[in-house]
Each structure stands twice: as structure tokens, then as C-alpha cells.
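# What the coordinates show
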Amino acid sequence: MGKLNICLKWSFICVIVVIALISFLLLGLAIFLHGALFNREEEDGAIVGVHFFYGFTTITLVLVTFGGIGALKKKKWALIVFAVGMVISFLFMVGSEITMQVMKTELKNHLRNHYLTTLSPSKANESELGVLHLAQRNWHCCGLEQGYMDWKNNIPESCLCDRESTNQCVAAPKGSYQFTVERGMKGQSVMIYARPCLPIMIEENMYHINILSGIRVGFILLWMLSIGLCIAILCQENKKLETPAVVYSKEAKAGNYSCLIESEHTYNV
């Protein structure tokens, strides 16, 4: 077995420690989300994602443990288990990232249909309308797809244009809003947000998806680094040290002495 480079060994250990810390953080996040989503039947899809986090982080921590044992105790089988497991995890992440990039257009359409179904002012219940009102206040928009016309003659106060808003505002048709205006505004046009909320909501979702995609790419690179270091360690351990073989021959030893003795005897004669 070859001599392991100390820099290579500790580089590998540092990388797997970073992976372990990330896994612990993800496990803590999964526990927090599980508690937040507990007893919410409408969040079944999110619960599935939490269970995936549990499995992914647990398997990663087990693999990191094998990697640490292999590096510190010089156990080749542990390093092989680590390398194989991390390669499978790496391929899974690469596949999921490629799938996400390919399906971005379909994902946008899915989000669009989901919001049109759940947040339409004419179909939504009170809790869903509360989500839409919050979106209108935060993102300075009004309505879902067709702007304030989605509300017909019942434009809510959440559509009222903020004086500090940089988004475009338009005058609301008379009789189309049900809220009370300030005294100083009586006789003036009531300004409401012109832009519908649906494009903004989709953009926000895609923005967060792109952030998650970038984080996944970072994981992929970190996993790739750990696999490369592990393979380098295995190659060094499999490398045999080339030491010159020392061969002793009794015949050669005896012959040399006999020649010296015979030469000395000849000179004496």
C-alpha cells in the first residue's frame, strides 16, 4: 500500500466536514418545516419534500461517516462505499437540475394555472382572497390576470395606489370600488395599481427557483470535489512503493574472497 499524501488526506476531510455541516443544516430545516406544516392537509406536496430532505440528509451523513473512517483509519472498503454513494447522489442531483432547466416553461404554465384556479377573485374563498390582498399590497399590483377588471365593481382597498410606489397607477372607474376615500381626495380620481399580480407572482416564484438551482449547482461541484479527492486517495493507497530488492549470493561472496586469497599467494611466491 502506498504512502498517503497528508495534504490530500486533510483536504478530503475538510471537504466532507463541510458536506456534513450542510447536511445538518438541511436536516434542521427539514425538522422546522415539518413542524410548521404539521396537521395541514393542503400541504401534502410540501410534506413529501420534507420527507425527501430527511432521506437525502441522512444518507449523506452516513456516507460522510464512511468517508471519514476510510481516510482516518485507512479503510479502503469505507472509501469505496463513500465514492459509490456520492457518485449516485451526484448523478441524481445532475439529473434533477437538467430536468428543472428543461421543464421551466412547463413549470411557468403550471404556476399560472394554479394561481388562476386558486386565487381568482370570482372563485377564491376568504383565505385565498387574503393571500391575493397581501400580494397586492406587497407587490403593488391589482387583480390577477386582467388587472383591476378582475374585481369588476368591487375593487378592494389593497389595490389603492401608494404615493411612494414606482409602479404604474391608473384612475379607477367611478363606482367600481367599495372602500372609503380620504376627505382630501374627494372629488379627485382614485388611483389604483395598473399591473396585474399574476406575472409578478410567477416571476417571484421563478426567481426563488433559480436561487435553488444555483444552490444545487454548488452542491454538485462540492460533491464532485469530494469524489475526486476520494478517488485520488484510493489511487495512492493502491500504488505500490518501488523499493530496490537486495539479493545475497553465497557463491558470489565466496568467489570474491577466493580471488583475493589467490592473488595474495601469487605475489608472495
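Provided above is the structure to which this section pertains.
Keep in mind that what you see is a predicted model, and the values were worked out from it rather than measured. (Residues numbered from 1 in each chain as written. Predicted model: local features only at pLDDT ≥ 70, side-chain atom pairs only at ≥ 80, totals over all residues. Heavy atoms only, no water.)

We now examine the nonpolar core. In this structure, F12, I19, F82, M86, W223 and C230 are the most contacted members of the largest nonpolar core, which totals 30 residues. Counting residues per element, the ones that place at least two in this core are α1 (6–36), α2 (44–73), α3 (76–102) and α6 (197–238). Excluding its chain neighbours within four sequence positions, the residues that come into contact with F12 are G67, A71, L79, F82, S226, L229, C230 and I233. Ranked by size, the runner-up nonpolar core spans 24 residues in total, among them L129, L132, C142 and W151. (Core = buried A, V, L, I, M, F, W, Y, C linked by side-chain atoms within 4.5 Å. Buried < 20%, exposed > 50% of the residue type's maximum accessible area, 1.4 Å probe, protein only. Helix = DSSP H or I, 4+ residues; strand = E, 2+ residues; numbered from the N terminus. Contact = heavy atoms within 4.5 Å.)

Examined against the element boundaries, K9 turns out to sit in helix α1. In this structure K9 touches L4, A71, L72 and I233, once residues within four positions along its chain are discounted.

Glancing now at the packing of aromatic side chains. Applying the stated rule across the entire model yields seven aromatic pairs. Residues F219 and W223 carry aromatic rings whose centres are separated by 5.7 Å and whose planes lie at 35° to one another, so their mutual orientation is tilted. With F219 and W223 both in helix α6, this residue pair falls four residues apart, about one helical turn. Comparing F219 with W223 shows no difference in burial state: the two are buried. Among the aromatic residues, those joined into a ring-pair cluster are F52, F53, F56, F92, F219 and W223. (Phe/Tyr/Trp six-rings, centres within 6.5 Å; stacked < 30°, edge-to-face > 60°.)

Attention now goes to unusual backbone geometry. Here the phi dihedral of H140 falls at roughly 55°; this positive angle occurs in a residue that is not glycine. Structurally, H140 can be placed in the loop between α5 (126–139) and β1 (169–171). H140 gets classed as partly exposed once you look at its relative accessible area, which sits at 21%. Unusually for a residue other than glycine, K152 sits at a positive phi of about 60°.

Read these as geometric descriptors, not functional statements.
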